[in-house]
Amino acid sequence: MGSTLLLNFRICFMSPQLTSTARFLCTRDIKPNLGGRQVDRKNSGQTRIANRTIRHGTEDVNTKKSSMLLQTSFPKFGFAAGTAKRTPYFYNHTVLLPYLFLFPVLNQRCFIGKCQPPERPLLPSEWKDLRESLGKQERFDIQMMNTLFRCESELNIAKSLLTFVVMEKGTLSYELLLRYLTLCVKGGHDDEVFDIYKIMRGSFPSLDTGASSLFIKSFSRTVRWREALEILQEIKQVLTPSPRNYGDIIAAAIHHKDATTAWALYDELIEKGLSPHQETWDALFTGSEQHERLLGVLVYMRNNQLYPQQNVANTIKSWFESLNGQKWTAAWSTATPKGACGCCGSELESIQLSADEYQELKDRVMTDVIQGRDVFNKTTPEELESFKAFVKRKPAFDVVVDGLNVARINPDKTKQSETLLTVVLELERQAPNILVLGRKHMLRPSKSWDRRNMNLIQQKAHCFFTENISEDDPFLLYATLHSGNHCRFVSRDLMRDHKACLPDEVTRRLFFKWQRGHQLVMAGNVATGRRVKFLSIPCFDTIVQTTEDTWHVPYDDTGDRSTYEVPQRWLCLTKKH
């Protein structure tokens, strides 16, 4: 069946009244391919499996739905959580449910609009009438199962759909069965999952990764959780399991008081370079009693600049407060503008890099970004050497401006040079030595680039204009880092491409710390005749921090933080003697 990848399941009904009991016939002539979703499903060699039942369920699934209120005010800092969604230059990306990789969204909204799912199980004749009323939709069974999943329909309705498909086709496609499995897992119908697992185990030499992950999730919620370990081992023979695979079993091991297995899996997850899910941390702090190991989790968060969500921060808070013989006081806090904890008054770590860190970052950026393999896709050797000589002749800059990037803040193209001039005049009040980077077309008089404005800019600041095909970022990074740790830069560019060029995670974290401490971000629009306002650069670093008697843990209290932003709320933990 091509891309639908059919596995033939023949269901023989035990009575003409279409009871819920069924038996499956499944092909065994399948090549194992655990690592991918595509499995060779040939139809030769069928074997009968007796007494396999599919239950009709009547459970209603109620899923909590959360709403998110997007604030419209600007935050205090340029990398504060939520800035991207409160600024028109950046866009929102929605994270899908982990199940939805099995459910293509193509045409799904249209299908649901034409046909709401039935509110009760239908007889095969009723399903047939429904399909024909829709004009014999292609892949009706798949589309309808998707709809049942999304609308959280009762399980017995999905069962009646399977009955209809078998009566009409004599087979169930693997794709349809997998979607039914997904519906069962999400709905918490674990007994039904056990039956599906037994059928597939007895019929096929291997499971694909989608089915394996679903079985791990379901089994980990039950007393049969150890069987999930066997499925995990099978996945590892082909590929690296996902953090969610590990996390499901770790949570199960903690729940069943097997801390040894839980921590062994956690160590394995970390060794493979995977990042634990929030639910995994929550399970460990909820059920584990290994003090030093849990403090090690906080150190891991610090070293990898990771932040617990608010529910995990609550669990961490409860764990500290429950420690016997230790009097920990916990409170929710924010940092003051001077970089102190608003609750206990402790000074937080500085956002500024040490001399050694700065030199290490400078060397790495020069090697991997400025002189990297693709740098001459962005400039030429002659132009880069000319710029280096230019920078060397000039005194150290206080601010470097990405001129074209700043000018384009104004959507009115006739006012781009005016916008850039306004920003330069504002910076002149604060810094004596300004470098404006631009492109040569900005020097040609046009509606966008007024000659008088450009002349004034060149009077107020040092200027370097690259070829029109060149990119500004390597020049901006070179000039800023070459000028010293005091130099800041103005750009809306998040520099994510350049950060990705750095060779290791430690250097990338240093780059992000330097960026947050040096990038000036404009607050709001730029208007001629008005002062330009910049968001404050925090003087403190937003990472998990500790002293002998304190822990300060930044945590997510919002659903709209982008990956390049940092939280604004802290958990303050102080120890009393």
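Quick note: structure is the one above.
If you're wondering where the values come from, they're calculated on a predicted model, not measured in any experiment.

Asks: Give me the lowdown on the pattern of salt bridges, citing residues and values where you can.
Replies: Inspection of the entire model under this criterion finds 27 salt bridges. For Asp248, the salt bridge goes to Lys217, with nearest N and O atoms at 4.0 Å. Here the residue Asp248 occupies a position in helix α9 (residues 243-255), and Lys217 occupies one in helix α7 (residues 209-219), the gap between them amounting to 31 residues. Residue classification places Lys217 among the buried positions, given a relative accessible area of 17%. Arg452 is paired through a salt bridge with Asp450; the nearest N and O atoms lie 3.7 Å apart. Given the relative accessible area of 64%, Arg452 is considered exposed.

Asks: Got a sec to walk through the sheet that holds strand β7 (residues 462-466)? Specific residues and values, please.
Replies: Read across the open sheet, the five strands follow the order β7-β6-β5-β8-β9; overall the sheet is parallel. Two strands lie at the open edges of the sheet, namely β7 and β9 (519-520), each paired on one side alone. As paired strands, strand β5 (residues 399-402) and strand β6 (residues 434-439) are joined by four bridges and run parallel to one another. Bridge pairing links Val400 to Leu435 in β6. Strands in contact with helix α21 (residues 505-518) are β8 (488-490) and β9; relative to β8, the strand with the most contacts, it is inclined by about 75°.

Asks: Describe in detail helix α2 (residues 124-133), supporting the description with residues and values.
Replies: Every buried residue belonging to α2 is among Pro124, Trp127, Leu130 and Arg131, and all of these are buried. The buried residues of α2 occupy one face: seen down the axis, they fall within an arc of 120°. Considering only its buried residues, α2 is in contact with α3 (140-150) and α4 (155-169). Backbone geometry just after α2 places Gly135 at a positive phi near 80°.

Asks: Report on the sheet that holds strand β4 (residues 327-333), specifying residues and quantitative values.
Replies: Spatial strand order, β4-β12-β11-β10: four strands in an open sheet with antiparallel pairing. Pairing within the sheet leaves two strands with one partner each, and these edge strands are β4 and β10 (545-546). Helix α13 (residues 310-322) rests against β4, β11 (550-555) and β12 (569-576) of the sheet, and its axis sits at about 155° to β4.

Asks: Describe a negative patch on the surface, listing the residues and the values that go with them.
Replies: Among the surface-exposed residues, Asp356, Glu360, Asp363 and Asp504 lie close enough to one another that they form a single negatively charged patch. When you line up the elements, Asp504 lands in the loop between α20 (496-501) and α21.

Asks: Can you lay out the environment of Arg530 for me, pointing to particular residues and giving the numbers?
Replies: By the element assignment, Arg530 lies in the loop between β9 and β10. Classification of Arg530 as exposed rests on a relative accessible area of 64%. Each C-alpha atom of the pair Arg530 and Thr422 lies 8.3 Å from the other, and the pair is 108 residues apart in sequence.

Asks: How would you sum up α7? Please name residues and give values.
Replies: In terms of burial, α7 is a largely internal element, ten of the eleven residues being buried. Taken residue by residue, α7 has Thr209, Gly210, Ala211, Ser212, Leu214, Phe215, Ile216, Lys217, Ser218 and Phe219 as its buried positions. Of the surrounding secondary structure, the elements contacted by the buried residues of α7 are α5 (174-187), α6 (190-203), α8 (226-236) and α9. By the N-cap criterion, in which a side-chain oxygen at the helix start approaches the backbone nitrogen of a residue two or three places on, α7 is capped by Asp208, the distance to Gly210 being 2.9 Å.

Asks: So, the packing of helix α14 (residues 355-370) against helix α19 (residues 473-483): which residues are in play, and what are the values?
Replies: Two elements in contact, α14 and α19, have axes separated by 11 Å at closest approach and are oriented at 155°. As far as their axial angle goes, α19 and α14 are roughly antiparallel. The two elements α14 and α19 cross, and the hand of that crossing is left-handed. Across the interface between the two elements, Tyr358, Lys362, Val365, Met366, Val369 and Ile370 from α14 touch Pro474, Leu477, Tyr478, Thr480, Leu481 and His482 from α19. Broken down by class, the residue content of the contact of α14 with α19 amounts to nine nonpolar, two polar and one charged.

Asks: Would you mind going over the packing of aromatic side chains in detail, with residue names and values included?
Replies: Overall, the coordinates contain 21 aromatic pairs when judged by the stated rule. Consider the rings of Phe387 and Phe390, whose centres lie 6.2 Å apart with planes at 25°: the pair is stacked. Pair noted here: Phe387 and Phe390 are both in helix α15 (residues 381-393), with a separation of three residues, about one helical turn. Relative accessible area serves as the criterion here: at 7%, Phe390 is assigned to the buried category. Ring centres of Phe390 and Phe464 lie 5.2 Å apart, and the angle between their planes is 50°; this geometry places the pair in the tilted category. Residue Phe390 is located in helix α15, and its partner Phe464 is located in strand β7; the two are separated by 74 residues in the primary sequence. By the burial criterion, Phe390 is buried, and Phe464 matches it. Linked through ring pairs, Phe285, Trp319, Phe320, Trp328 and Trp551 together constitute an aromatic cluster. Sitting over the face of the ring of Phe149, Lys186 holds its NZ or CZ atom 5.6 Å from the ring centroid.

The rules behind the values
- Residues numbered from 1 in each chain as written.
- Predicted model: local features only at pLDDT ≥ 70, side-chain atom pairs only at ≥ 80, totals over all residues.
- Heavy atoms only, no water.
- Salt bridge = Lys/Arg side-chain N within 4 Å of Asp/Glu carboxyl O.
- Helix = DSSP H or I, 4+ residues; strand = E, 2+ residues; numbered from the N terminus.
- Buried < 20%, exposed > 50% of the residue type's maximum accessible area, 1.4 Å probe, protein only.
- Pairing = 2+ DSSP bridges.
- Contact = heavy atoms within 4.5 Å.
- Axes fitted to C-alpha atoms, helices over the stretch in contact; angles between N-to-C directions.
- Arc of directions from axis to C-beta.
- Patch = residues over 30% accessible without salt bridge, like charges linked within 9 Å, V, L, I, M, F, W, Y side chains within 5 Å.
- Areas by Shrake-Rupley, 256 points an atom, 1.4 Å probe, with all protein chains shown as cover.
- Lys, Arg positive; Asp, Glu negative; His and termini not counted.
- Charge placed at Lys NZ, Arg CZ, Asp CG, Glu CD.
- Polar contact = N/O pair within 3.5 Å; in protein donor to acceptor, adjacent residues only side chain to side chain.
- Parallel < 35°, antiparallel > 145°, perpendicular 65-115°, else oblique.
- Left-handed = near helix turned anticlockwise from the far one by under 90°.
- Nonpolar A, V, L, I, M, F, W, Y, C, P; charged D, E, K, R; others polar.
- Phe/Tyr/Trp six-rings, centres within 6.5 Å; stacked < 30°, edge-to-face > 60°.
- Lys NZ or Arg CZ within 6 Å of the ring centre and 35° of its normal.

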